[in-house]
Amino acid sequence: MQTLLREIRDTPLLWMLVFVPIVLVAEAAAPHSHTLLFVLAVLAIVPLAALLSHATEAVAAKTGDAVGGLLNATLGNLTELIIAITALRAGQYMLVKASIAGAIVTNAVFMLGACLLLGGLRYHVQEYNRAGARLSSGLLLMATVALLAPSAVADLEHLPQGGGILNTLSVGISVLLIIAYALGLLFSLGTHKELFASADHGEDKEAHWPIGIAVGTLLAVTVLVALVSEIFVESVQKAAETFGMSPAFVGFIVVSLVGAAAEFAVAFGAARKDRLDMVVSIALGSASQIALFVAPALVLLSYVVGPTPMNLQFWPGAVTMVMIATVTSAFITASGRSAWFVGALMIFIYAVFALTLYVVPPAGRG
């Protein structure tokens with residue numbers, strides 16, 4: 001416990017853990033104060049995501065390359081997954097789909113752009129491995145094309161009404177994506193793991209937690225994230241109306257930024273240390289994990305926990321934004337070099353997306 005308390009004391013972001021008991025007490029005392037609960041839930045999820053990231057890294061460091069890599073790949077987006085499952089149970093499919101599309105765009109454009117900007121302000125020109133960047137962006141492009149296929153054929157006139165065909169197509173694509181996800185793990189952790197050694201192990205001199213504390217923290221934080229996510233989803237609709245935000249904007253922007261808070265902290269630190277290989281791996285790797293694993297898992301889980309099956313049909317704006325984000329990240333990372341202005345341009349692209357979604361919210365409920 002002293003190790004955990006020392007980590008909390010030395011990490012300012014973890015000081016926000018005080019909001020976890022506050023939001024739980026507030027939910028019991030004032031369950032109808034939706035705006036207050038929404039704000040407190042957001043403030044509580046951020047440090048929980050950071051603590052979850054610390055625990056995952058500690059467990060991964062103790063279990064070896066294969067198991068550790070699998071844990072990092074599976075648990076890297078656990079916060080977003082828990083929030084999405086909670087929204088899935090509540091039938092808020094617009095929020096779920098917005099969080100999926102938003103996580104891809106946020107990681108591939110905003111996180112990458114912010115890192116290139118921060119690193120470029122310290123270093124005149126930064127370089128990174130083009131081969132690794134091409135692999136990550138290619139995987140993301142394949143996953144994005146598969147993920148958006150149902151939206152491309154949804155308006156065909158000869159399709160029968162009722163959504164049964166789209167549901168079947170979505171299930172088939174989900175199974176294919178999970179198979180591709182498993183093959184990607186086999187490729188990166190088994191047959192060609194030497195290609196990723198520098199990104200995974202380079203200059204890692206941090207002292208990790210004991211395995212018992214890490215596992216206990218992982219379990220406890222997962223439960224707390226589930227509890228806070230329940231409050232978040234229950235309050236998000238009313239709070240969004242108060243702030244003039246649509247559920248799509250909340251999922252696309254707020255959930256994506258909050259859920260990736262821990263990854264942001266790691267990526268920003270790596271950028272300031274001129275470790276762009278790690279930045280590209282985190283940003284594009286996390287985006288591809290969302291498309292390859294989280295999205296298809298949510299489709300399959302909707303048949304178990306959702307009121308009705310969920311398909312992969314997104315609204316047209318989301319389709320456009322995800323594809324633009326994927327192509328932009330692939331184009332930017334193809335050169336192997338970067339300066340601060342490149343990052344600034346990517347942030348402006350993300351700002352255009354956010355402004356468009358805020359001013360012109362999509363019609364319908366997903």
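Residues numbered from 1 in each chain as written. Predicted model: local features only at pLDDT ≥ 70, side-chain atom pairs only at ≥ 80, totals over all residues. Heavy atoms only, no water.

Enquirer: Help me out: how do you make sense of the overall build of the protein chain in this one?
Expert: Across its full length, the protein chain carries 15 helices and two strands. Looking at the protein chain residue by residue over its 366 residues, the buried ones come to 48%. Across the protein chain, contacts joining residues at least 24 apart in sequence account for 85% of those joining residues at least 6 apart. Of the roughly 16500 Å² that the protein chain leaves accessible, carbon and sulfur atoms contribute 68%. (Helix = DSSP H or I, 4+ residues; strand = E, 2+ residues; numbered from the N terminus. Buried < 20%, exposed > 50% of the residue type's maximum accessible area, 1.4 Å probe, protein only. Contact = heavy atoms within 4.5 Å. Areas by Shrake-Rupley, 256 points an atom, 1.4 Å probe, with all protein chains shown as cover.)

Enquirer: Please clarify how the packing of aromatic side chains should be interpreted in this entry.
Expert: The description of an aromatic ring pair rests on the distance of the ring centres and on the angle between the ring planes. This structure, assessed with the given rule, holds eight aromatic pairs. Taking 6.2 Å as the distance between ring centres and 45 degrees as the angle between the ring planes, the aromatic pair formed by F38 and F243 counts as tilted. Of this pair, F38 sits in helix α3 (residues 34-63) while F243 sits in the loop between α10 (211-242) and α11 (247-259); the two residues are 205 residues apart in sequence, bridging distant segments of the chain. Taking relative accessible area as the criterion, F243 reaches 38% and is therefore assigned partly exposed. (Phe/Tyr/Trp six-rings, centres within 6.5 Å; stacked < 30°, edge-to-face > 60°.)

Enquirer: I'm lost on the side chain of S329 in this one. Help?
Expert: For S329, the position within the fold is in helix α14 (residues 316-333). If we skip the residues at most four places from it in the chain, S329 touches A108, L112, L140, L284 and M346.

Enquirer: Looking at this structure, I do not really get the packing of α14 against helix α15 (residues 340-359). What am I missing?
Expert: Axes are the key here: two packed helices are described by the angle between their axes and the distance separating the axes. Running from N to C, α14 and α15 cross one another at 180 degrees; their axes reach a closest spacing of 12 Å. Comparing their axes, α15 and α14 come out roughly antiparallel. Along its contact with α14, which presents M321, I324, T328, S329 and I332, the element α15 presents V342, M346, I349, F353 and T356. (Axes fitted to C-alpha atoms, helices over the stretch in contact; angles between N-to-C directions. Parallel < 35°, antiparallel > 145°, perpendicular 65-115°, else oblique.)

Enquirer: Just to check I follow, could you spell out α14 for this structure?
Expert: Three or four residues apart is the spacing at which side chains of an α-helix point the same way, because the helix has 3.6 residues per turn. Helix length check: α14, at 18 residues, gives a terminal C-alpha distance of 26 Å against a target of 26 Å (1.5 Å per residue), a fit within 8%. Among all positions in α14, only A318, M321, V322, A325, T326, T328, S329, I332 and T333 are buried. Mapping the buried residues of α14 onto a view down its axis gives an arc of 165 degrees, with all of them on the same face. In α14, those exposed residues whose orientation departs by more than 90 degrees from the buried face are P316 and F331. (Expected span 1.5 Å × (residues − 1). Arc of directions from axis to C-beta.)

Enquirer: Can you help me understand helix α6 (residues 93-122) in this one?
Expert: Taking 1.5 Å as the rise per residue, α6 with 30 residues should run 44 Å; its terminal C-alpha atoms sit 42 Å apart, in good agreement. If you look at α6, its biggest bend is around 40 degrees, right at T106. Counting buried positions along α6 yields 25 of 30 residues, so the element is predominantly enclosed. (Bend = angle between axes of the 7 residues up to and from the residue.)

Enquirer: Whenever I open this one, the nonpolar core confuses me. Can you help?
Expert: One broad trend across soluble globular proteins is that nonpolar side chains are buried collectively. I100, F232 and V250 are the most contacted members of the largest nonpolar core, which has 113 residues in total. The contacts of I100, once residues within four sequence positions are left out, are L147, I290, A295, L298, M310 and F314. (Core = buried A, V, L, I, M, F, W, Y, C linked by side-chain atoms within 4.5 Å.)

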